[in-house]
Amino acid sequence: MIVATVGGAGVPVDEVDAREARLRDGPLAAALPAEGTSEGRQLRRWLTQLIVTERVIATEAAALGVTDADAPAEAELLPDATARLEIGSVAAAALANPLARNVFARITGGVDVGDADVDAYHARNPLRFAAPAPTRDGWRGPAPTAPSLDDVRPQIAEHLRAAARRRAFRVWLDARRSALVRLAPGYEHPGDPRQPDNTHRH
C-alpha cells in the first residue's frame, strides 16, 4: 500500500510502520497513544508528514547541490521551544537532519531585516533584551530601565533575522510539499479538517 507520493515516487506503508515501531520501542513509548485509536491514527499521519517532508528536502537538496557536510548546529536554527513552535513540529523534527539544516541555510541565506524593523521592535518591547537587575536578596529582578536602542540593536536584529528565516523556510517548505506531495486517504495531514480523526474544533 502507498500512503503518499513525493514527486511521483511512492511512500510505502511499511515505512510508516517501521517509524512507528521504532517510536514504540523507544524511551517515549509510554507517552504514545494506543494503536488503532483516533490519536494513534493521528500519530501515523504525523509520521507520514515527517517522511514526506524528509523526501521533499532530499529532492530539493539534490536539485540545489546541497550536501550534509558542515551543517549549522540544530540549536542555531531552533534555539528554544518558541522557535520550534514557530516553524512547526514536522519541520522542527526534519531539521534534526544535517542535510535539512544545510537546505535551510541555502534557502534562507539572503533573508534579513531592516533598521525600521529593529526600531519598531525596540519601541514595542523596550525591556526585551535588558539585563536583569540584582536584588537585595541575591535574586535577579526585572531591569529598572530600558537599554538604549544602540545598546541592543545587534541582539534585536539577530532575533528578528532568525525568526524571519524560520518563517521563510516554513513558507518555502509548505510550497514545495504542496507541489510535490500527494497523500492517500487515511494519511491526510493531522490538522486536515476533512479527515475524521481531526479533533481541532471551534
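Structure shown above.
Residues numbered from 1 in each chain as written. Predicted model: local features only at pLDDT ≥ 70, side-chain atom pairs only at ≥ 80, totals over all residues. Heavy atoms only, no water.

Colleague: Tell me about the pattern of salt bridges, and name the residues and values.
Modeller: This structure, assessed with the given rule, holds 18 salt bridges. Residue Arg45 pairs with Glu188 through a salt bridge whose shortest N-O separation is 3.4 Å. Placement of Arg45 in helix α2 (residues 38-64) and of Glu188 in the segment after β5 (181-183) is noted, with a sequence separation of 143 residues between them. The salt bridge involving Asp112 is made with Arg161; its shortest N-O contact spans 2.8 Å. Here Asp112, found in the loop between α6 (98-108) and α7 (115-124), pairs with Arg161, found in helix α8 (residues 149-180); they are 49 residues apart in sequence, far enough to count as distant. A relative accessible area of 51% means that Asp112 is categorised as exposed. Residue class for Arg161 comes out buried when judged on its relative accessible area of 18%. (Salt bridge = Lys/Arg side-chain N within 4 Å of Asp/Glu carboxyl O. Helix = DSSP H or I, 4+ residues; strand = E, 2+ residues; numbered from the N terminus. Buried < 20%, exposed > 50% of the residue type's maximum accessible area, 1.4 Å probe, protein only.)

Colleague: Describe the pairing of strand β1 (residues 2-6), with residues and values.
Modeller: Here four bridges tie β1 to strand β2 (residues 9-12), and the two strands are oriented antiparallel to one another. Residue pairing for β2: Ala4 is matched across the bridge by Val11. Adjacent in sequence and paired antiparallel, β1 and β2 are bridged by two residues, among which Gly7 carries a positive phi angle near 60 degrees. Bridge count for β1 against β5 is three bridges, and the pairing is antiparallel. Of the residues in β5, the one forming a bridge with Thr5 is Arg182. (Pairing = 2+ DSSP bridges.)

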